[in-house]
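Observations on the three-dimensional arrangement
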Amino acid sequence: MEFEHSRWMYNRTHPHCAGLRKEFIEGVAGFIAKAKPLNNFLIEGTIRCPCVKCKCVKLLRPDVVELHFYKNEFMENYYVWIVHGENYDFHNSFGGEGSPRIENNFENYRFNEMMRDVFEMFPGAESEPNDEAKLFYEQLEEASHPLYEGSMHSKLSVAVILLTIKSDSSFSQAGMDSIIGLMNELNPNKINLPKDFYTAKKLVSKLGLSSERIDCCEKGCMLFYMDDAALENCKFCNQPRYKEVTNANKKKEHRRPTGILCHPSDGEAWKYFDRVFPDFASEPRNIRLGLCADGFTPFAVFAVPYSCWPVFVTPYNLPPEFCMTSPYLFLTCIIPGPRNPKSLIDVYMQSLIDELNLLWHQGVETYDISTKQKFRLCAALTWTINDFPAYGMLSGWSTAGKLAFPTCMEDTKALTLKHGGKNTWFDCQSRFLPMDHEFRRNTSAFMKNQTDYEEPPSVLSPEEIWNRVRDLPKVTESPLPNKIRGYGVTHNWTKQSIFWELPYWKHNLLRHNLDVMHIEKKFFDNLFNTLMDVNNKTKDNLKARMDLKEYCRRSELYRTYLNNKIQKPKASYTFTLDERRKICQ
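All values reported here derive from a predicted model rather than from experimental measurement.

If you trace the five strands from one edge of the open sheet to the other, you get β5-β4-β3-β8-β11, paired in mixed fashion. A strand with exactly one partner marks an edge of an open sheet, and here the two such strands are β5 (330-337) and β11 (512-514). Adjacent strand axes in the sheet meet at a mean angle of 25°, parallel and antiparallel pairs treated alike. For strand β3 (residues 287-293) and strand β8 (residues 379-386), the ladder comprises six bridges, and the chain directions are parallel. Looking at the pairing, I287 lines up with A379 of β8.

Below, the structure written as structure tokens:
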């Protein structure tokens, strides 16, 4: 298409001598005169500069724009001055039935340029566009409607600007979603804006405006593009296209000083598993999972009792700061019900165990974006993390009674308090201390008139544990089993846990972990209530003072009688009323 009336714009200088053409100087003067009636000039005294450098983006004084024209050319293909007061009927010029009409604003100028590119993309479109071009026209026309009457922006232009801001400012997707959400909240007229970053990106990519990433040689010799797209080495310098990743580089190995743990992979349980299953460990992309389960009451405590048990898994193939964070906690199942499932929790976890077995034996086909290759991904459950009551539900070893402590098992030194009636593990810690530790010989501060030179109980190997549970009943086969012979006397096993169905479970050195948060909270509550001497919550009650006389040499704390009433002498470790008030203040 020819624009005869605008040829002077691109004939700025004489071909064989210095100086500007006369028709160019006159044309520039006419151009500025055409632009001066626009609102920008009437209000601010500026017009948009369409030189090759400014491209109608900068607002400048007319004399500065004139100098720009004398130094630079007009921007490419600006034959029609739609930003500077000239209306152009696209419909009549191209003869396309149903084609959009271009009005006088900057956004439509960009639309004009885009449509001109479309005609270059689809030869013959000046007569009758093909189906692909028609679809493009329809989508483009729909996206380019002004947001409201007189608006310089359309939904498409807003989407493009948002994507540009994200790219230039290195915004995260969450940050862009927050900004777009605020724009929509401050939108009283419900203008049709993108709902989030994904919607904006989808709108632009639908029009074929998405970006394409093309690899290049590290030394800048060539692009891996078109006929060279399949090459894996530079055809000029033979430099490899991809960085070679060896097993040594891929293997997750943390070199720490002895005794320092910064990641689960530093622990002996992780390394022992690698030694037992070298094939699994040889693929560092195989997943190590941890399982967490706990119950909570979703309703108020005074409502109808209800117990809900979510079960989470989390991968440990992550840096330490990412392990156990919200983005990597995956909810695998929820066990709702009117009561605690207790040992029957295995019934509800059958589908999860089946999936874990599938991930171990067969794995799943997975695409590795870093190598652009598919591989067979396997996974193993490394351990569980729970509070102490949930430990009993999942492991099958009851946490009630004298044998509750899972390390000592039947070799426990627990006793039942004579007056309090509860089981206690008082002074059981001495056997875990070094043989020459002073606490072992102390006959006053701990159990009176006793010294302890016993060694700690031996730690059972995974195979020894398996031999103990292999013949126990499974709740998935018999939901209501009879009490197992010897329970509470020689052992505390209530079932064979469903985790033993995992073929590698009996080779795990550390199958269950205790949640530190629950232990710390309960310990703090009991300690605080005792130090503050809170009624009905302190552990230092009258029965405790009576048992104290039975087992300890602490005469200053023995109960006394005053006016025929039992008195509890004040302990040195409790605060006075004034001290408690100061603490609360």
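One pass over the structure, following the stated rule, counts three cavities of 30 Å³ or more. Of all the secondary structure elements, the ones that give two or more residues to the lining of the largest cavity are α11 (268-276) and β8. Broken down by element, the residue count for the lining of the largest cavity peaks at four residues, all from β8. Grouping the constituent residues of the lining of the largest cavity by class yields eight nonpolar, two polar and one charged.

On to the pattern of salt bridges. In total, this model carries 19 salt bridges according to the counting rule given. Between R468 and E410 there is a salt bridge; the shortest N-O distance is 3.2 Å. Placement of the pair is R468 in helix α16 (residues 462-469) and E410 in the loop between α15 (388-395) and β9 (415-416), with a sequence separation of 58 residues. With a shortest N-O distance of 2.8 Å, K521 and D525 are connected by a salt bridge. Here K521 pairs with D525, and both are found in helix α17 (residues 516-531), just four residues apart, close to one helical turn. Residue classification places K521 among the exposed positions, given a relative accessible area of 51%. For D525, a relative accessible area of 27% translates into the label partly exposed. Each of E283, R285 and D368 takes part in one network of salt bridges that share partners.

In this structure, S497 sits in the loop between α16 and β11. Classification of S497 by relative accessible area gives buried; the value is 2%. Within the structure, the side chain of S497 is placed 2.6 Å from the backbone oxygen of L394, a separation counted as a polar contact. Beyond its immediate sequence surroundings of up to four residues, S497 is in contact with D346, L394 and S395.

Let us now look at a nonpolar patch on the surface. Together, I161, I165, F171, I179 and M183 make up a nonpolar patch on the protein surface, roughly 350 Å² of accessible area in all. Mapping F171 onto the fold places it in the loop between α7 (155-169) and α8 (173-185).

Turning our attention to the state of the cysteines. Summed over all chains, the structure comprises zero disulfides. Sulfur of C221: no disulfide; nearest cysteine sulfur belongs to C237 and is 3.8 Å away. Relative accessible area serves as the criterion here: at 34%, C221 is assigned to the partly exposed category. Just so you know, C428 is unpaired, no disulfide at all, and the nearest cysteine sulfur is the one on C408, 6.8 Å from it.

Attention now moves to the pairing of strand β6 (residues 364-368). Bridge analysis of β6 against strand β7 (residues 373-377) gives five bridges, and the strand direction is antiparallel. Bridge pairing links E365 to R376 in β7. Between the antiparallel neighbours β6 and β7 lie four residues, among them K372 with a positive phi of about 55°.

Turning our attention to the packing of helix α1 (residues 22-35) against helix α3 (residues 62-71). Direction vectors running N to C along α1 and α3 enclose 150°, while the axes themselves pass 11 Å from each other. Looking at the two axes, α1 sits roughly antiparallel to α3. The chirality of how α1 crosses α3 is right-handed. Of α3, the residues touching α1 (which contributes F24, I25, V28, F31 and I32) are P62, E66, F69 and Y70. A class-by-class count of the residues in the contact of α1 with α3 yields eight nonpolar, no polar and one charged.

Bringing the environment of R553 into the picture now. Take R553: it is sitting in the loop between α18 (542-551) and β12 (560-562). The exposure class of R553 is partly exposed, given its relative accessible area of 42%. Counting along the chain gives 104 residues from R553 to N449, while the straight-line C-alpha distance between them is 8.7 Å. Setting aside anything within four residues of it in sequence, one finds R553 in contact with T443, S444, K448, N449 and Y558.

The next point concerns the packing of aromatic side chains. Applying the stated criterion across every chain yields a total of 22 aromatic pairs. Between F388 and Y391, the ring centres sit 6.0 Å apart and the planes meet at 10°, which makes this aromatic pair stacked. Separated by three residues within a single helix, F388 and Y391 lie in helix α15, roughly one turn from each other. Judged by its relative accessible area of 29%, F388 is partly exposed. Seen in terms of ring centroids, W466 and W500 are 5.4 Å apart; in terms of plane orientation they differ by 35°. Their pairing is tilted. You can see W466 sitting in helix α16 and its partner W500 sitting in the loop between α16 and β11, a full 34 residues away along the chain. Like W466, the residue W500 is buried in the burial classification. Here the aromatic residues W8, Y10, F24, F31, F69 and F74 are joined through ring pairs into a cluster of three or more. Sitting over the face of the ring of F375, R285 holds its NZ or CZ atom 3.8 Å from the ring centroid. Above the plane of the ring of W466 lies K506, whose end atom (NZ or CZ) is 5.6 Å from the centre.

What counts and how
Within each chain, residues carry numbers counting from 1 in the order of the written sequence. Per-residue local features of the predicted model are confined to residues with pLDDT of at least 70, and side-chain atom pairs are confined, for both listing and counting, to 80 or more; whole-chain, interface and lining totals are unaffected and use all residues. For the side-chain quantities, the full set of heavy atoms in the structure was used; hydrogens and water were omitted. Here, strands pair whenever DSSP counts at least two bridges between them. In this text, helices come from DSSP runs of H or I with a minimum length of four residues, and strands from runs of E with a minimum of two, each type numbered from the N-terminal end. As a rule, the C-alpha atoms of each element are fitted with a line to give its axis, helices using only the stretch in contact, and angles between N-to-C directions run from 0 to 180 degrees. A cavity, in this analysis, means grid points on a 1 Å lattice covering only the protein atoms where a 1.4 Å probe fits yet has no way out; a pocket is instead an open set bounded by protein on both sides within 12 Å along at least five of seven lines, and a residue lines either one if it has an atom within 4 Å of a point. Grid points are joined across faces, edges and corners, and a volume is the space filled by probe spheres set on the points. Residues are sorted three ways: Asp, Glu, Lys and Arg are charged, Ala, Val, Leu, Ile, Met, Phe, Trp, Tyr, Cys and Pro are nonpolar, and all the rest, Gly among them, are polar. Take a side-chain nitrogen of Lys or Arg and a carboxyl oxygen of Asp or Glu: if they are within 4 Å of each other, that pair is a salt bridge. Partly exposed residues are those whose accessible area sits between 20% and 50% of the maximum for their type, while under 20% is buried and over 50% is exposed, using a 1.4 Å probe and protein chains only. Under the rule applied, a polar contact is a pair of N or O atoms within 3.5 Å (in protein, one hydrogen donor and one hydrogen acceptor; residues adjacent in sequence only if both atoms are side-chain atoms). Residue contacts follow a heavy-atom distance rule, with two residues in contact if any of their heavy atoms lie within 4.5 Å. Each patch is built from residues lacking any salt bridge and having more than 30% relative accessible area; the joining distance is 9 Å for like charges and 5 Å for nonpolar side chains (Val, Leu, Ile, Met, Phe, Trp, Tyr). We get accessible surface area from the Shrake-Rupley algorithm with a probe of 1.4 Å; when it comes to residues, only the shown protein chains can shield them. Two cysteine sulfurs form what is called a disulfide whenever their separation falls within 2.5 Å. Small angles under 35 degrees read as roughly parallel and large ones over 145 as roughly antiparallel, with 65 to 115 read as roughly perpendicular and the rest as oblique. By the definition used in this description, the sense in which the near helix is turned from the far one sets the handedness, with an anticlockwise turn below a right angle giving left-handed and a clockwise turn giving right-handed. What counts as a ring pair is set by centres within 6.5 Å for rings of Phe, Tyr and Trp (its six-membered ring), and what kind of pair is set by the plane angle: stacked under 30 degrees, edge-to-face over 60, tilted for all other angles. In this scheme, the term charge over a ring applies when either NZ of a lysine or CZ of an arginine sits within 6 Å of the ring centre and within 35 degrees of the ring normal.

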